[in-house]
Amino acid sequence: MSRTKDLQKNLFGGTTSNARQFGMISTLVAIVALFQIWTGGLTLTSGNLIAVVSQYSYILILAIGMLMVIVAGHIDLSVGSVAAFTGIVVAKAMQEYSLPWPLGIVLGLLVGVAIGAWQGFWVAYIGVPAFIVTLAGMLLFRGGNQYIGNADTVPVPEGFREIGAGFLPEAGPDTGYNNLTLLLGAVACAGVVWREWRARRTRHEMNVDLAPVWITAVRLAVMTGVIVFATLRFAGGRIGTSLPVSGIILIALVLAYSSYTRNTIGGRHIYAVGGNARAAELSGVKLRRVNFLVMLNMSVLAALAGMIFVARSAASGPQDGLSWELDAIAAVFIGGAAVSGGLGTVSGSIVGGLVMALLNNGLQLEGVGSDMVQIIKGLVLLLAVAFDVYNKRQGRFSVIGRLMRPFRRDEPRAPAEPSAPASDAGKAPVAG
């Protein structure tokens, strides 16, 4: 096999744990490069990257929860309203009852648990489709937000704002960079190298074919290069800014949910339910529990996203959360999730969300109006997926098809039945 084919197989179409992530990151890099040229170098400036993470972290958090809902075969239309309702409840509690902001965060998470349990009960135990339950929830909690807040803006205290508008603090000697961000980047690089080494060692112990060493070196060079570049960008912002606290929360959630969906029984049950609910139930999967938990989890993450947005905005208002569910759903599908459920990854959804965020950001940098931004985003989403589907049908390279290959179930072809002689038509099969 030539080096080019070997590289394509192991980096894009292989079965290693990093193949899918690398392919999606490559697609994102191409989009970033396009806007970097179009905006005259503004896209990758420290200030712009910090702003993108700060502005869109709550949408990416929603995408994590929405992925699990969609993988399980459902949809949640209420996440924006749940986020807005949680935000106004927490803001009111801190303003009128002098609730300390740490307890305000706990209260918000408990509100998310209560809402998730309510919606999960109807979906899992009553059998009402999630589309209907969450559509009702969208109306219910949007009205609740306006009723509790009297359609007014409610400010939040300074300490609470740190989770949405705060940054890693300055520490250590003056290096010209934020030292804590540099340290976090170094830890990330070490983690990538350790994970790759561990994966190779495990495959060697299992007598599984290993990718060539030079392939591993290329993959590590690309991944660590991206991490180092991003670290220097975030650490080199203007004084007082660095990696946003909301970005740290997002990174922690990505790591936790990626591990959960890949390495735990509960995560595998979600994929089993989305792939074939009846077969999963017959195999011992507790279908109702899985459906209940994915709806519960979605509302908790929506509550967290709502608090981060309110903290960044310094106040809760009646227009919070509008159309957030559409952005989260788009991120999940761009990231490779299947409409019918059973397929998708956390990292893919994050990359899908970044694609939408950078598309929106790049158009704004060019001064495109909000009306045209919506039109362009819709057309790009539709044309990108349509082009990929067309290539897949023509047998050409397909980004989505390539990314989904490791997830596909084997579908054996039905053998062609030779025409039997007329004299054998009435014979019974011979048992043997």
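Predicted model only: the values in this text are computed from it and were never measured.

Novice: Would you mind going over the pattern of salt bridges in detail, with residue names and values included?
Specialist: Scanning the model with the defined rule gives four salt bridges in all. Linking Glu-96 and Lys-92 is a salt bridge whose minimum nitrogen-to-oxygen distance equals 2.9 Å. With a gap of four residues between them, Glu-96 and Lys-92 both fall in helix H4 (residues 79-96), about one helical turn apart. Residue classification places Glu-96 among the partly exposed positions, given a relative accessible area of 47%. Accessibility expressed as a relative area gives 14% for Lys-92, which makes it buried. One salt bridge in this structure joins Glu-158 and Arg-161, with 3.3 Å as the shortest N-O distance. In this structure Glu-158 comes out as exposed when scored by relative accessible area, which is 53%. By relative accessible area, which is 26% here, Arg-161 ends up partly exposed.

Novice: Let's hear about the packing of helix H10 (residues 245-263) against helix H13 (residues 287-313): which residues, and what values?
Specialist: Two numbers describe how H10 lies on H13: the axes approach to 11 Å, and their chain directions differ by 165 degrees. One element, H10, and the other, H13, form an angle in the roughly antiparallel class. The handedness of the crossing between H10 and H13 comes out as left-handed. Touching Ser-246, Ile-249, Leu-253 and Tyr-257 of H10 are Asn-297, Leu-301, Leu-304 and Ile-308, all from H13.

Novice: Report on the environment of Val-192, specifying residues and quantitative values.
Specialist: Take Val-192: it is sitting in helix H8 (residues 179-205). Among residues more than four places away in sequence, those in contact with Val-192 are Leu-220, Met-223 and Ile-227.

Novice: So what's going on with the confidence of the model for the chain? Residues and values would help.
Specialist: When the pLDDT values of the chain are averaged, the result is 83; 82% of them are 70 or greater. This stretch, residues 12-21, has a pLDDT under 50; its non-local contacts, to residues over four places away or in other chains, come to 29 contacts. In the model, residues 396-432 has pLDDT below 50 throughout and makes 32 contacts with residues more than four positions away in sequence or in other chains.

Cut-off values and rules
Residues numbered from 1 in each chain as written. Predicted model: local features only at pLDDT ≥ 70, side-chain atom pairs only at ≥ 80, totals over all residues. Heavy atoms only, no water. Salt bridge = Lys/Arg side-chain N within 4 Å of Asp/Glu carboxyl O. Helix = DSSP H or I, 4+ residues; strand = E, 2+ residues; numbered from the N terminus. Buried < 20%, exposed > 50% of the residue type's maximum accessible area, 1.4 Å probe, protein only. Axes fitted to C-alpha atoms, helices over the stretch in contact; angles between N-to-C directions. Parallel < 35°, antiparallel > 145°, perpendicular 65-115°, else oblique. Left-handed = near helix turned anticlockwise from the far one by under 90°. Contact = heavy atoms within 4.5 Å. pLDDT = per-residue confidence, 0-100.

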